[in-house]
Amino acid sequence: MAEVEVRDIRHVYDPGTPDETVAVDRVNMTLEDGSANALLGPSGCGKTTLLQIISGLLTPTEGSILIDGEDVTELPPADRDIAQVFQFPVIYDSMDVYGNLAFPLRNGGVPEAEIEERIHRIADLLELGDLLHSNPSNLGPELNQLVALGRGIIRADTSAILFDEPMTDVEPSRKLTIRRRVKEAQQEFNITALYVTHDQHEALTFAEKVAIMRDGTLVQYDTGENLYQNPVNTFIGHFIGSPGMNLLACDLTRQDGAPLAQIGPHSIAVSDAVHSEIDPDWTDCQIGIRPSSVVVQKANPGESTDDYLPATVTQVEMVGGFQIITAYLDETEVAVKARVAHDYAIEEGASIGLRFPPDDIQFFHQEQAIRAS
Amino acid sequence: MKQRPWLFLLPALLLVSLSAFIPLITVINYSQLTILPGTEPYFAGLENFVAILEDEAFQGALGRQILFSFLVLITEIPLGLGLAICMPKEGPWVGVCLVLLGIPLLIPWNVVGIIWRVFTRSDIGVLPAFFDWFGYSYSISSSTFDAWWTVLVMDIWHWTPLVVLICYAGIQAIPKEYYMAAKIDRASPWKTFRYVTLPNLRGVLIIAVLLRLMDSFKIYAEPFVLTGGGPGSSTTFLSTYTSRMAIGGFEMGRGAATSLIYFFIVILFSFVIYIVMLNLGQGAGGDQ
């Protein structure tokens, strides 16, 4: 296995024509040796293009790909030792499962005895042992995708394996099993892997680090926890998490020297840690808070609600183990989503208090996160 | 209301029965009769069939037909497939190629025969003049060999474009991921053709082979115009034989029996080829 470095990659389709599109724009990332990575982003953000550049199916307009420090940008896929699993299972259906698994080895001139040994090892790992002599066209998309995966990892010299939304054709009920076997294979062989998907759940469960792309650029490449807790901008904040981060446009004021976010008539304190980073003259500011961090209190007449902002519930949704409530801050048009326990008794139209703990608030200026230095 | 589906099928059934069932049954009926001009037809049983199967002219025509169809298939299918693979897959040349390929298909059969007749005329034809340079005396009216290969080349010129178009459509429908995977799996161009292109074209190739088999069995107008079935009966194929029997010879009974035999031969060949091709190379172990 190997370290794969993506250096300043830029790719333009149809350059010089009216259809010119920049698919990937100056992307830099390093996939560490043996690491599981995911590439996440909305459809059309350049994920597949980047993947094909890494595997060598596309030559980038600019930039280079390095495998273990060696520049392979100009090498064809066959000489890069990178395997790729496609969106739908690519199977050579004139051969049985054994023939499919043996195909890349035979093309590389590996002796038959070694081929057989490797096939049995892979078949055991992927639980395909009983199917080696079946015709793949009778097996269905899930097993075919496993055969395609097996073909990817069977070569002893595979540097990395790339997955291009491999679960698209897989029935939802089978996804978990297939994903588990993919993950087991990745760990067993300590394969450097890059898994493209637009499903964040899939990305976060497969990968140690997730790269998020938007409009051809790499927005953040980080661990799942960091993406959730410390998004670099509002896009990541909203994109990661279900539902995403609440992003509330605010004005800035100052009270006793400390910056205060102002939403309509309501003031919200910002964490002390970022005070020095905030300029009170800024406009286009947002505060972000995860629905799970919002504290909800039912309004009881006479009870002190100093820290709580008054709000009115407009929607209550049951999402399995918990409920998501949507409430509008009173005297504003600002909606906030909050997560409460599944048995929390609340109804649409109820008046509640919402509290945003200062340490859980992210502050964004012009969509970029402001962090403590 | 159980009959309602049949009501909707009725127009189609009527049309099919007018165009196929009734003529077919009429032919079956005729084949059992001896029909001579000026007399009442009378029942002959299988006599017509026996007479035809024993007729040396029929056996000759059938032999020539099988040879001709065989040569047509082994030339046109690989040639058409090869051309389809070489054709540009995108860009302005696609349209140009498609139009050029479409031209022979748009020309009526007898006109194709006439065009080639002009090509081969001894006085003004381009082919005799061309072969004259090499000192070869080309003549389709006296040389069986010349007549044969000219009919064959004419058919290839006329019908290979159809095979190209069918294969081209099939190739365009193969997902490009297959080719990407083959590249990643280090497959050579030959192996890519053998394990990606060819298996994915199985369906369209079956269609192309069956169409060309059945059409080549039916070849009539072109050789009729070009060679008139000669020299001698060297380019007389089954259809020419059948029409001579039925129309030229006024033997409707014999003609009908010939048509039926002819019909069953085409069905038999098509069926065998269909079954063989369908099972060809399905999920085998792959070569070593």
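Rules used in this analysis
- Residues numbered from 1 in each chain as written.
- Chains lettered and ligands numbered in written order.
- Predicted model: local features only at pLDDT ≥ 70, side-chain atom pairs only at ≥ 80, totals over all residues.
- Helix = DSSP H or I, 4+ residues; strand = E, 2+ residues; numbered from the N terminus.
- Buried ≥ 20, exposed ≤ 12 C-beta atoms within 10 Å, placed from the backbone.
- Contact = placed C-beta atoms within 7 Å.
- Core = buried A, V, L, I, M, F, W, Y, C linked by C-beta atoms within 7 Å.
- Axes fitted to C-alpha atoms, helices over the stretch in contact; angles between N-to-C directions.
- Parallel < 35°, antiparallel > 145°, perpendicular 65-115°, else oblique.
- Left-handed = near helix turned anticlockwise from the far one by under 90°.
- Pairing = 2+ DSSP bridges.
- Nonpolar A, V, L, I, M, F, W, Y, C, P; charged D, E, K, R; others polar.
- Domains from an automatic or database assignment.
- Right-handed = clockwise from strand over helix to strand, strands pointing away.

What follows is about the overall build of chain A. From N to C terminus, chain A includes 8 helices and 21 strands. Expressed as lengths along the three principal axes of its C-alpha atoms, the size of chain A is roughly 85 × 50 × 40 Å.

Scanning chain B from terminus to terminus reveals 13 helices and 2 strands. The C-alpha extent of chain B, read off along each of the three principal axes, is 75 × 75 × 40 Å. Taken over 288 residues, chain B has a buried fraction of 30%. Here the contacts in chain B between residues at least 6 apart in sequence split such that 71% fall between residues at least 24 apart.

For the rest of this paragraph, the subject is the nonpolar core. Ranked by size, the top nonpolar core spans 83 residues in total, and within it A:Leu39, A:Ile54, A:Ala160, A:Ile161, A:Leu194, A:Tyr195 and A:Ile212 carry the most contacts. In this structure, B:Leu33, B:Val164, B:Phe217 and B:Phe237 belong to the second largest nonpolar core, which totals 32 residues.

All names here are of chain B. Remark: helix H3 (residues 56-86) packs on helix H7 (residues 144-172), axes separated minimally by 7 Å, with the N-to-C direction vectors making an angle of 45°. Classified by the angle between their axes, H3 and H7 sit oblique to one another. The interaxial crossing formed by H3 with H7 has right-handed handedness. When H3 is examined against H7, the residues Leu-71, Val-72, Thr-75, Glu-76, Ile-77, Leu-79, Gly-80, Leu-81, Leu-83, Ala-84 and Ile-85 are found in contact with a partner set consisting of Leu-152, Asp-155, Ile-156, Trp-159, Thr-160, Val-163, Val-164, Cys-167, Tyr-168 and Ile-171.

Turning our attention to the environment of A:Thr205. Residue and element names in this part refer to chain A. Positionally, Thr-205 belongs in helix H6 (residues 200-206). For Thr-205, a count of 15 C-beta atoms within 10 Å translates into the label partly exposed. Spatially, the C-alpha atom of Thr-205 lies 8.8 Å from that of Gly-224, the residues being 19 residues apart in sequence.

Attention shifts here to the sheet that holds strand S1 (residues 4-13) of chain A. Residues and elements named next belong to chain A. Taken in spatial order, the 4 strands make up an open sheet running S2-S1-S4-S5, and their pairing is antiparallel. Strands with a single pairing partner mark the edges of an open sheet, and in this sheet they are strand S2 (21-31) and strand S5 (70-71). Note: S1 against S2, 7 bridges, orientation antiparallel. Note on S2: the bridge partner recorded for Glu-5 is Thr-30. The strands touched by helix H1 (residues 47-55) within the sheet are S1, S2 and strand S4 (62-67), with S1 carrying the most contacts at an inclination of about 120°.

Another aspect to go through is the interface of chain A and chain B. Across the boundary between the two partners, chain A contributes 26 residues, which contact 19 residues of chain B. Those elements that place two or more of their residues in the side of chain A that touches chain B are strand S6 (82-85) and helix H2 (97-107) of chain A. With 6 residues, H2(A) is the single largest residue contributor to the side of chain A that touches chain B. Among the residues forming the side of chain A that touches chain B, the class breakdown is 14 nonpolar, 8 polar and 4 charged.

Take the domain arrangement of chain A next. You can read the domains of chain A as domain 1 (4-229) and domain 2 (246-370). For domain 1 of chain A versus domain 2 of chain A, the distance between C-alpha centres works out to 41 Å.

All names here are of chain B. At their nearest, the axes of helix H1 (residues 4-31) and helix H13 (residues 252-278) sit 7 Å apart, and the two run at 120° to each other. One element, H1, and the other, H13, form an angle in the oblique class. Both H1 and H13 take part in a crossing whose hand is left-handed. Each of Val-27, Ile-28, Tyr-30 and Ser-31 in H1 lies in contact with H13, whose residues at this interface are Met-252, Gly-253, Ala-256, Ala-257, Ser-259 and Leu-260.

Here we take up the pairing of strand S7 (residues 160-164) of chain A. Looking along a regular strand, one sees side chains alternate from face to face of the sheet. Residue and element names in this part refer to chain A. Counting buried residues in S7 gives 5 out of 5 residues, a clear majority hidden from the surface. Neither face of S7 is exposed, since Ala-160, Leu-162 and Asp-164 on one face and Ile-161 and Phe-163 on the opposite face are all buried. A crossover connection joins S7 to the parallel strand S8 (residues 192-197) through helix H5 (residues 172-188); in handedness this β-α-β unit is right-handed.

What follows concerns the sheet that holds strand S18 (residues 335-341) of chain A. Residue and element names in this part refer to chain A. Ordered in space as S15-S19-S16-S17-S18, the 5 strands form an open sheet in which the pairing is antiparallel. Either end of the sheet is taken by a strand with one partner, and the two such strands are strand S15 (295-298) and S18. Direction aside, neighbouring strands of the sheet carry axes that sit 45° apart on average. By the bridge criterion, 4 bridges tie S15 to strand S19 (residues 351-355) in an arrangement that is antiparallel. For Gln-297, the partnering residue across the bridge sits in S19 and is Gly-353.

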